[in-house]
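Coordinates in review
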Amino acid sequence: MGSVVKLEPSANGAPPGAAGNGVASNGVNRNGAARDGAARDGAARNGAARDGAARDGAARNGAARDGAARNGVHPRATRIRRGRKRPSRTALVLGGGGFTGGVYEIGALRALDLLAVNSTVTDFDVYVGTSAGAFIAALCANGVTPEEMMQVATSEEPQPFRDIGLGDLLRLNLSELARKGIQLPLHLASLAAQVVRHPRQVSVLDVLFGLAQALPAGLYTGAGIESYLRKLLAEPGRTDDFRELRGGRELYITATDLDTCERVVLGAEGFADVPISTAVRASGALPMVYAPVKLDGRELVDGGITSTSNLDIAVEAGAKLVVVINPMVPYVNDFSAEVRTLRGRRPRRVSDMGFPQIGYQAFKLLGHRRLHELAAYWGERYPGVDIVLVEPEPTDELMFQTSIMDFASRIAIARHGFQSVAHHLAQEYDRYLEVAQRHGIEISGERLRTVVEHFDGAEPGQDAGAWRRILEGTNGGLRRASESPAAG
């Protein structure tokens, strides 16, 4: 079941030890401009002091020079544009998680869209996207509704726009594969000579790493994703330009500089001229899977490396209500499942699930902890800011077992995101009604309960076709209901 939590300040009243997201904990001015040089207690945080510790909060101008510590944030990228002033600015922050995370976010947004009466998820003032979330954020900022995304993701007819194909998502890096292929014989000869010279000093791991050096920087290019999005955003009413988004909306997409380890915020001052489609490609360039994206003399990779969400950008932009969707949650084993062994049955452990799951667990654990520390810190620093976190439950085995690159499971994951988040929103409606009222947002519990009743009445193991019919049956009526006042 999906989990939505309003994060409260720390119980002890003290900020968490790490600000996270590559921003120094005291590095944000009240006017929304992050200070690049001020690292709390004189030590650079979350970007690691490199070649010597930063002293006295030394200011940085451009990339860190001459051994100065970097705080993980590109200086030009932190000057967030302030948009139109409203009593309560809102922000939608979408984290990473590969193909699986992206379609989970579509399902979760679909549930959230049914909750609101006088607004939708395409009406936020600020959008922040990281990795797969950058793709979804770019669509939302351009007015593409979750309902339209769900129609495409679940192959409903009629299709509001062309579906993205596996060939778009995974376009081979042929030029670098060819270049590395030519160099492979020489590389193998060098590796063999090393093994012969030092037979007892070279391990199997050394050989594997040596072979890996013959691989390209990324198996795929990401060019198909950029091309698909560029064409989609060229349609009437949409734009591929950060500066031309409708209604003064703001969109920020994060990437990581592979050489300097800095966070680069595309769409912010100094990077607003980068096409949105290019920014999305850079933000989703998962290292080793996708080749780095060359931009402005930099090589950019997945923005989730520095932070899985980058919610601090939304707070810096002046948002008072920040909705964060984070698909990346570590799995907490309840030991209810068992495995067979030669000696009988025993509780299943994460290590029994395979090599990829061990890696997922480690990566998700690190990112999830940083996100919660950061959210608690910002909740304390700005008590007037509400941060609502939407994420899978820690016992959600479907999200954990499904590979982040599993394109074939997207219908099941989209359904799961929609259903689990809708259930939780309906159950915890009173909590979120209080939050919504503080920000002048009208929500309807009745429409959510209607959706939940449809799902609860569905047959176990219902096929995708029947699932789509349930959605189609609720689409028109629920969307029309949003046009008139509805009581919770």
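Note that the structure is predicted; figures quoted are calculated from it, not measured.

Here's the deal with the environment of G95
Within the secondary structure layout, G95 lies in the loop between β2 (90-94) and α1 (98-115). For G95 and G303, which are 208 residues apart along the polypeptide, the C-alpha to C-alpha distance reads 9.3 Å. With residues near it in sequence (within four places) discarded, G95 still touches E105, T130, A132, G133, T308, S309, I325 and P327.

A look at the pattern of salt bridges
For the structure shown, the criterion picks out 19 salt bridges. A salt bridge links R431 to E428; the shortest N-O distance between them is 3.3 Å. Classification of R431 by relative accessible area gives partly exposed; the value is 35%.

Let's talk about α1
Compared with the 26 Å implied by 1.5 Å per residue over 18 residues, the 26 Å span of α1 between its first and last C-alpha is a close match. Extensive coverage of α1 is indicated by the burial of 18 of its 18 residues.

What about the packing of aromatic side chains?
Overall, the coordinates contain 5 aromatic pairs when judged by the stated rule. Ring centres of Y220 and Y290 lie 6.2 Å apart, and the angle between their planes is 55°; on these two criteria the pair is classed as tilted. Placement of Y220 in strand β4 (residues 218-220) and of Y290 in strand β7 (residues 288-290) is noted, with a sequence separation of 70 residues between them. Summarising the burial analysis for this pair, Y220 and Y290 share the class buried.

Examining the confidence of the model for the protein
Of the residues in the protein, 76% have a pLDDT of 70 or more, and the chain-wide mean is 78. Mean pLDDT values over the elements of the protein span from 40, in strand β1 (residues 2-6), up to 98, in helix α8 (residues 276-283). Under a pLDDT of 50 for its full length, residues 82-87 has, in the predicted model, 16 contacts with residues more than four places off or in other chains. Scored below 50 in pLDDT, residues 477-488 makes 25 contacts in the model with residues more than four places away or belonging to other chains.

Observations concerning unusual backbone geometry
With omega at 0°, the peptide bond leading from E157 into P158 counts as cis. Considering the arrangement of structural elements, one finds P158 in the loop between α3 (146-153) and α4 (166-169). The backbone of C261 shows a phi angle near 65°, a positive value even though the residue is not glycine. Tracing the backbone shows C261 in the loop between β5 (250-257) and β6 (263-266). With a relative accessible area of 32%, C261 lands in the partly exposed category. The backbone of F335 shows a phi angle near 60°, a positive value even though the residue is not glycine. Examined against the element boundaries, F335 turns out to sit in the loop between β10 (321-325) and β11 (338-341).

Comments concerning the side chain of S307
Relative to the helices and strands, S307 resides in the loop between β9 (298-302) and α9 (312-316). For S307, a relative accessible area of 2% gives the class buried. Side-chain polar atoms of S307 contact the backbone nitrogen of S309, separated by 3.2 Å. Side-chain polar atoms of S307 contact the backbone nitrogen of N310, separated by 2.9 Å.

Topic: the nonpolar core
Of all hydrophobic cores here, the largest spans 77 residues; its most connected members are L109, F135, L251, L266, I276 and V280. No other element matches α1, which puts 10 residues into this core. Each residue touching V280, except ones within four places of it in the same chain, is listed here: A134, F135, A138, I225, L229 and I253.

A few points about the environment of R447
Tracing the backbone shows R447 in helix α14 (residues 445-456). For the pair R447 and L115, spaced 332 residues apart in sequence, the C-alpha separation works out to 6.9 Å.

Section: the pairing of β9
Among the 5 residues in β9, 4 count as buried, and that is most of the element. Pairing analysis gives 3 bridges linking strand β8 (residues 293-295) to β9, with the strands arranged antiparallel. When the sheet's bridge partners are listed, V293 is paired in β9 with L300. The hairpin turn running from β8 into β9, its antiparallel successor, is 2 residues long, and D296 in that turn takes a positive phi close to 55°.

Conventions we followed
- Note that residues are indexed from 1 along each chain, following the sequence as it is written.
- Only residues with pLDDT of at least 70 get local features here, since the model is predicted, and only at 80 or more are side-chain atom pairs given and counted; chain-wide, interface and lining totals rely on the full set of residues.
- Derived side-chain values reflect all non-hydrogen atoms in the structure, with water molecules and hydrogen atoms excluded from consideration.
- Runs of E in the DSSP output that reach at least two residues are strands. Runs of H or I that reach at least four are helices, and both are numbered from the N terminus.
- Every residue pair with non-hydrogen atoms within 4.5 Å of one another is taken to be in contact.
- What makes a salt bridge here is a side-chain nitrogen of Lys or Arg within 4 Å of a carboxyl oxygen of Asp or Glu, nothing more.
- Accessible area is worked out with a 1.4 Å probe on protein chains only. A residue is then buried under 20% of its type maximum, exposed over 50%, and partly exposed in between.
- Working rule for helices: expected span equals 1.5 Å times residues minus one.
- Think of it this way: a Phe, Tyr or Trp ring, Trp meaning its six-membered ring, pairs with another when their centres are within 6.5 Å, and the plane angle makes it stacked under 30 degrees, edge-to-face over 60, tilted otherwise.
- Values of pLDDT, which run from 0 to 100, indicate the predictor's confidence residue by residue.
- We define a polar contact as two N or O atoms separated by no more than 3.5 Å, with the added condition that, inside protein, one atom must be a possible hydrogen donor and the other a possible acceptor, whereas residues neighbouring each other in sequence contribute only through side-chain atom pairs.
- Buried residues of nine kinds, namely Ala, Val, Leu, Ile, Met, Phe, Trp, Tyr and Cys, make up a nonpolar core once their side-chain atoms join them within 4.5 Å.
- A pair of strands is considered paired only if DSSP assigns at least 2 bridges between the two.

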